[in-house]
Amino acid sequence: MTRRRSLTDDQVREIRAAHQPGVRGAGYESLARVYGVGASTIRDILTYRSLYAMAAESGAPAARTTTQGAMHV
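My aim in this report is to walk through the structure given alongside it, one point at a time. (Residues numbered from 1 in each chain as written. Predicted model: local features only at pLDDT ≥ 70, side-chain atom pairs only at ≥ 80, totals over all residues. Heavy atoms only, no water.)

## A few points about the overall build of the chain
Next, step 1: Helix and strand counts for the chain come out as four helices and two strands.
Next, step 2: In sequence order, the secondary structure elements of the chain are arranged as α-α-α-α-β-β.
Next, step 3: Expressed as a percentage of its 73 residues, the buried residues of the chain come to 33%.
Next, step 4: Long-range contacts, defined as pairs at least 24 residues apart, comprise 41% of the intrachain contacts of the chain with a sequence gap of at least 6.
Next, step 5: Carbon together with sulfur atoms contributes 52% to the accessible area of the chain, which is approximately 5000 Å² in total. (Helix = DSSP H or I, 4+ residues; strand = E, 2+ residues; numbered from the N terminus. Buried < 20%, exposed > 50% of the residue type's maximum accessible area, 1.4 Å probe, protein only. Contact = heavy atoms within 4.5 Å. Areas by Shrake-Rupley, 256 points an atom, 1.4 Å probe, with all protein chains shown as cover.)

## Let's talk about the packing of helix α2 (residues 28-35) against helix α3 (residues 39-46)
For any two helices packed against each other, one specifies the inter-axial angle together with the distance between the axes.
Next, step 1: For the pair α2 and α3, interaxial distance at closest approach is 8 Å and the crossing angle is 110 degrees. Looking at the two axes, α2 sits roughly perpendicular to α3. Of the residues in α3, those touching α2 at Tyr28, Glu29, Leu31 and Ala32 are Ala39, Ile42, Arg43 and Leu46.
Next, step 2: Grouping the amino acids of the contact of α2 with α3 by side-chain chemistry returns six nonpolar, no polar and two charged. (Axes fitted to C-alpha atoms, helices over the stretch in contact; angles between N-to-C directions. Parallel < 35°, antiparallel > 145°, perpendicular 65-115°, else oblique. Nonpolar A, V, L, I, M, F, W, Y, C, P; charged D, E, K, R; others polar.)

## Here we look at α3
Next, step 1: Every buried residue belonging to α3 is among Ala39, Ile42, Ile45 and Leu46, and all of these are buried. The buried side chains of α3 occupy one side of the element, clustering within an arc of 120 degrees when seen end-on.
Next, step 2: Count one or two residues on from α3 and you reach tyrosine 48, which has phi positive near 55 degrees. (Arc of directions from axis to C-beta.)

## Concerning the pattern of salt bridges
Side chains that differ in charge, positive against negative, can pair when their charged atoms come close.
Next, step 1: Inspection of every chain in the model, using the stated rule, returns two salt bridges.
Next, step 2: Notably, a salt bridge pairs arginine 13 with aspartate 10, separated by 3.0 Å at the nearest N-O pair. One end of the pair, arginine 13, and the other, aspartate 10, are both in helix α1 (residues 9-18), three residues apart, so they sit about a helical turn from each other.
Next, step 3: Under the relative-accessibility criterion, arginine 13 is labelled partly exposed at 38%.
Next, step 4: Of the charged contacts, one joins aspartate 44 and arginine 43 as a salt bridge, the two residues approaching to 3.0 Å between their closest N and O atoms. (Salt bridge = Lys/Arg side-chain N within 4 Å of Asp/Glu carboxyl O.)

## Overview of the packing of aromatic side chains
To describe a pair of aromatic rings, one takes the distance between the centres and the angle between the planes.
Next, step 1: Tallied over the entire structure, the rule returns zero aromatic pairs.
Next, step 2: The aromatic ring of tyrosine 48 is capped on one face by arginine 16, whose charged end is 4.1 Å from the ring centroid. (Phe/Tyr/Trp six-rings, centres within 6.5 Å; stacked < 30°, edge-to-face > 60°. Lys NZ or Arg CZ within 6 Å of the ring centre and 35° of its normal.)

Here you go:
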């Protein structure tokens, strides 16, 4: 099993700034390829669905959740 890639707070901010719905090369799939993560990760960051995405906005250390819901810092 491969290790998941972690994004930095700066990368999360870059993703939010770069996203332009409907513009070729600035959607979920394109950003996912650039940052080496899944399109669902990009979607979760942009829609504030993950704790990972919220940490970047609050200045708190980046955190992610596992499939069991446990939080890792």
